[in-house]
Amino acid sequence: MLDFKIASGRSNVPLANKIADYIGVDLTNVTIKNFSDGEIWVKYEENIRGVDLFIIQSTNPPADNLLELLLLIDAAKRASAKRVTAVIPYFAYARQDRKDQPRVSISAKLIANLITRAGADRVITIDLHSSQIQGFFDIPFDHLYASPVLIRRLFHLDLSNFVVAAPDIGAARTARAYAKRLNLDLILVDKRRPEHNVAEVVNIIGNPDGKNIIMVDDLIDTGTTFVECAEALKKHGALEIYGVCVHPVFSGNAYEKISNSTAITKMFVTDTIPLKQSLEKIEVVSVAELFAEAIIRTHDNRSISSLFEIER
Ligand code: R5P
């Protein structure tokens, strides 16, 4: 059996520490520094020859986080690690996964190429913006879902007068899965994007009047989608609105927008990206155990599909 080690970049050290704690190992000793001009330098400070190495790094902006992951993979291969798994709690640049207009890049495919060319033997990630990005990789790819962890938390609410809402058509499939597992009805908000980072609610399919809402999306970036949709639902008679999102990207003034929105009662987010500030309204539900189990089972060549089961 191969030795098994976990290393971490600097983008999400709290989650990496939690994963290591759960497994009961120390993180591999790695030095990561920036030169004066900003260039990154990485070095494994212990022998990793023949090791089954898992490198934990979210690739949320700045792009240095992605570059750091690539350098850690490259250094591990050159140090003769037997197998390198990129564990990417937040897989960034995923929103551009096709040419939806002329002369644009397909960023998700480019990132997949970079990770593979750097030397990753396999990838573990969670709630990709679109599942088909798995197909951009020709190496084994394990796609986890945060829904069992988040739904377990939602079961602590009194769900008797709730419906689930999707803030746009893209989120409908995930929201439908939540509605099914929570045994609730589904409402769809039809959102339009007249330009980047601007969201406009065109229509609400379903009736939110007199209902509490659980609104589900894979990520919140500027917070515009969530806040605009919550306010539209409120105008149509919704009572309390609870948000659920896996990846709290929270750029621009997202914290301020969410904090100031009287329509949003509470948000549940995971720790795939560390929060830059804490808000009373935001509760973090950790996916550390899920990743830890996925790592252990990958190392042991055991199935990970049972991680998708939900117990109440
Ligand atoms: C869209 O397809 C995504 O699922 C999110 O709804 C969107 O990226 C969130 O962006 P923002 O928070 O900036 O509206």
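Caption draft 1: View of the site of the ligand. In the vicinity of the ligand lie 15 residues, with Asp-217, Asp-218, Thr-222, Gly-223 and Thr-225 positioned nearest. For the ligand, an oxygen atom lies 3.1 Å from a polar atom in the side chain of Arg-95. At 2.8 Å, a backbone N or O of Gly-223 approaches an oxygen atom of the ligand. For the shell around the ligand, the secondary-structure elements that each account for two or more residues are β11 (212–220) and α6 (224–235). Looking at which element gives the most residues to the shell around the ligand, the answer is β11, with four residues. Tallied by class, the residues present in the shell around the ligand amount to two nonpolar, six polar and seven charged.

Caption draft 2: Broad picture of the pattern of salt bridges. Applying the stated criterion to the full structure yields 15 salt bridges. Close ionic contact of Asp-142 with Arg-122 constitutes a salt bridge, the shortest N to O distance being 3.0 Å. Taken together, the residues Asp-142 in strand β7 (residues 141–144) and Arg-122 in strand β6 (residues 122–126) connect sequence positions 20 residues apart. The pair formed by Asp-142 and Arg-122 is uniform in burial state, with each residue classed as buried.

Caption draft 3: Representation of the sheet that holds strand β5 (residues 83–88) in the model. The five strands are arranged β1-β4-β5-β6-β7 in an open sheet whose pairing can be described as parallel. A single partner strand is all that each edge strand has here, and the edge strands are β1 (3–8) and β7. Going from strand to strand, the sheet's axes swing by 15° on average, the running direction of each strand aside. In this structure, strand β4 (residues 51–56) lies alongside β5, joined through five bridges in parallel fashion. Its bridge partner being in β5, Leu-53 is matched across the sheet by Val-84. Contacting β1 and β4, helix α1 (residues 13–23) crosses the sheet at an angle of about 155° to β1.

Caption draft 4: Geometry of the side chain of Asp-127. For Asp-127, the position within the fold is in the loop between β6 and β7. At 9.0 Å, Arg-181 is the nearest oppositely charged side chain to Asp-127, a buried residue that forms no salt bridge. A polar contact of 2.7 Å, which involves the side chain of Asp-127, links it to the backbone nitrogen of Ala-146. Setting aside its immediate chain neighbours within four residues, Asp-127 contacts His-143, Leu-144, Tyr-145, Ala-146, Val-246 and His-247.

Caption draft 5: Fine view of the packing of helix α2 (residues 64–78) against helix α3 (residues 107–118). Put simply, α2 and α3 touch, their axes get as near as 8 Å, and they point 25° apart. It follows from the interaxial angle that α2 and α3 lie roughly parallel. Within the contact between the two elements, α2 uses Leu-66, Leu-69, Leu-70, Ile-73, Asp-74 and Lys-77 and α3 uses Ile-111, Leu-114, Ile-115 and Ala-118. Tallied by class, residues from the contact of α2 with α3 come to eight nonpolar, no polar and two charged.

Caption draft 6: Examining α1 more closely. Among all positions in α1, only Leu-15, Ala-16, Ile-19, Ala-20 and Ile-23 are buried. Considered in projection along α1, the buried side chains sweep an arc of 135° and stay on one side of the axis. Exposed residues on α1 whose side chains face more than 90 degrees from its buried face are Pro-14 and Asp-21. Looking at where α1 begins, the residue whose side-chain oxygen comes 3.2 Å from the main-chain nitrogen of Leu-15 is Asn-12. Immediately beyond the C-terminal end of α1, within one or two residues, lies Gly-24, with a positive phi of roughly 85°.

Caption draft 7: Geometry of α2. Here α2 contains 15 residues, and its C-alpha end-to-end distance of 21 Å stays within 8% of the 21 Å for a straight helix at 1.5 Å per residue. Listed as buried for α2 are Asn-65, Leu-66, Glu-68, Leu-69, Leu-70, Leu-72, Ile-73, Ala-75 and Ala-76. Of the residues one or two after α2, Ser-80 is the one with positive phi, at around 70°.

Caption draft 8: Highlighting the domain arrangement of the protein. When cut into domains, the protein gives domain 1 (4–145 + 288–308) and domain 2 (147–285). Between the C-alpha centres of domain 1 and domain 2 there is a distance of 28 Å. With 18 residues of domain 1 at the interface, the matching set in domain 2 holds 14 residues. Carbon and sulfur atoms make up 54% of the area that domain 1 and domain 2 hide from each other, which totals about 1,300 Å². The three residues of domain 1 that bury the most area against domain 2 are Tyr-90, Arg-95 and Asp-127, which together make up 36% of that side's buried surface.

Conventions adopted
Numbering of residues starts from 1 in every chain and runs along the sequence as written. This being a predicted model, a pLDDT of at least 70 is required before a residue's local features are given, and a value of 80 or more before pairs of side-chain atoms are given or counted; all residues contribute to the totals for chains, interfaces and linings. Side-chain calculation: all heavy atoms of the structure are included, whereas hydrogens and water are not. Being near a molecule or strand, for a residue, comes down to having at least one heavy atom within 4 Å of it. Whenever two N or O atoms come within 3.5 Å, that pair is a polar contact, provided that in protein one can donate a hydrogen and the other can accept it, and provided that, for residues adjacent in sequence, both atoms are side-chain atoms. Helix numbering and strand numbering both begin at the N terminus, where a helix is a DSSP run of H or I of at least 4 residues and a strand a DSSP run of E of at least 2. For this scheme, ten residues count as nonpolar: Ala, Val, Leu, Ile, Met, Phe, Trp, Tyr, Cys and Pro. Four count as charged, namely Asp, Glu, Lys and Arg, and the remainder, Gly too, count as polar. What counts as a salt bridge is simple: a side-chain nitrogen of Lys or Arg found within 4 Å of a carboxyl oxygen of Asp or Glu. Three exposure classes are used, based on accessible area relative to the maximum for each residue type with a 1.4 Å probe and protein chains only: buried under 20%, partly exposed in between, and exposed over 50%. Here the rule is simple: two strands pair whenever DSSP picks up at least two bridges between them. Working convention: axes come from line fits to C-alpha atoms, limited for helices to the stretch in contact. Angles between N-to-C directions cover 0 to 180 degrees. Here, two residues are considered to be in contact whenever any of their heavy atoms come within 4.5 Å of each other. In this tally Asp and Glu are treated as negative and Lys and Arg as positive; neither His nor the chain ends contributes. For classification purposes, an angle smaller than 35 degrees is called roughly parallel, one larger than 145 roughly antiparallel, one from 65 to 115 roughly perpendicular, and anything else oblique. Think of the arc as the fan of directions from the helix axis to the C-beta atoms. One less than the number of residues in a helix, times 1.5 Å, gives the span that helix is expected to have. Where each domain begins and ends follows an automated or database-derived domain assignment. Summed over both partners, the accessible area (1.4 Å probe) lost when two parts come together is defined as the buried area.

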